[in-house]
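So the chains spell out like this:
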Amino acid sequence: MFNAALRAVRPVVRSTRRSTPSTALRALSTTTPRFSGPAPPSLFGEGAKAGEIPSDEQQATGLERFQLLGEMQGVEAFDLEPLDSSRVGTLEDPIKVFSLDTSRIVGCTGSPAESHELHWFTVKKEKNRRCPECGSVYVLDFQGVEHHDAHHH
């Protein structure tokens, strides 16, 4: 069984006396992609040298590094401000929730703030959501790239 699997992935060897080059091996490109402008900052830190304790900047990766690089430049990477709770959102005038993704999790405490227990729900681009306790309506203010979420499962 192993040999059969190996034969399936082994390239077909043909006579080497061909005058035209084989296109089977040229299907994959080894050319590096070309970008215009400077490369974006890496989301992987360079790590510490042997025998040293790494700093946050050296060892942070992913979203933590993104947030750290933003703080170093004086930019707030994530919106941590509370939503408008001075009014109840209506169907005609819903409370807008900024998002770069097609969905966002929202917590409602009512209007005025803290007037009922915290209720969590997901607001999606396609549909408004209403808080089950106070009836406040929330709508997603989608500012992202269309179909950029195709990698989500």
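Residues numbered from 1 in each chain as written. Predicted model: local features only at pLDDT ≥ 70, side-chain atom pairs only at ≥ 80, totals over all residues. Heavy atoms only, no water.

Caption draft 1: Local environment of the environment of Asp101. Residue placement: Asp101 occurs in the loop between strand E1 (95-99) and strand E2 (103-108). Counting along the chain gives 44 residues from Asp101 to Val145, while the straight-line C-alpha distance between them is 8.1 Å. (Helix = DSSP H or I, 4+ residues; strand = E, 2+ residues; numbered from the N terminus.)

Caption draft 2: Quick peek at the sheet that holds strand E5 (residues 137-142). The sheet built from three strands is open, its strands ordered E1-E5-E4 with mixed pairing. The two strands at the open ends of the sheet, each matched to only one other strand, are E1 and strand E4 (129-130). (Pairing = 2+ DSSP bridges.)

Caption draft 3: Representation of the state of the cysteines within the structure. Going through the model one piece at a time under the given rule, you end up with zero disulfides. Free cysteine: Cys108, not disulfide-bonded; nearest cysteine sulfur from Cys131 at 3.6 Å. (Disulfide = S-S within 2.5 Å.)

Caption draft 4: Layout of the UniProt feature "binding site: Zn(2+)" (unreviewed entry) in the protein chain. Under the UniProt annotation, "binding site: Zn(2+)" (unreviewed entry) lies at Cys108, His116, Cys131 and Cys134. Considering the C-alpha atoms alone, the annotated residues occupy 27 residues of sequence yet fold into one spot, their largest mutual distance being 10.8 Å. Restricting the annotated residues just mentioned to those that line the second largest pocket leaves Cys108 and Cys134. Mapped onto the secondary structure, Cys108 falls in strand E2. Within the secondary structure, Cys134 sits in the loop between E4 and E5. Taking the relative accessible area as the measure of exposure, Cys134 reaches 29% and is therefore partly exposed. Those residues within four positions of Cys134 in sequence are excluded, and the remaining contacts are Val88, Cys108, Gly110 and His116. (UniProt positions renumbered as here; feature names shortened; annotations may be inferred. 1 Å grid on protein atoms, 1.4 Å probe; cavity = no way out; pocket = protein on both sides within 12 Å on 5 of 7 lines; lining within 4 Å. Buried < 20%, exposed > 50% of the residue type's maximum accessible area, 1.4 Å probe, protein only. Contact = heavy atoms within 4.5 Å.)

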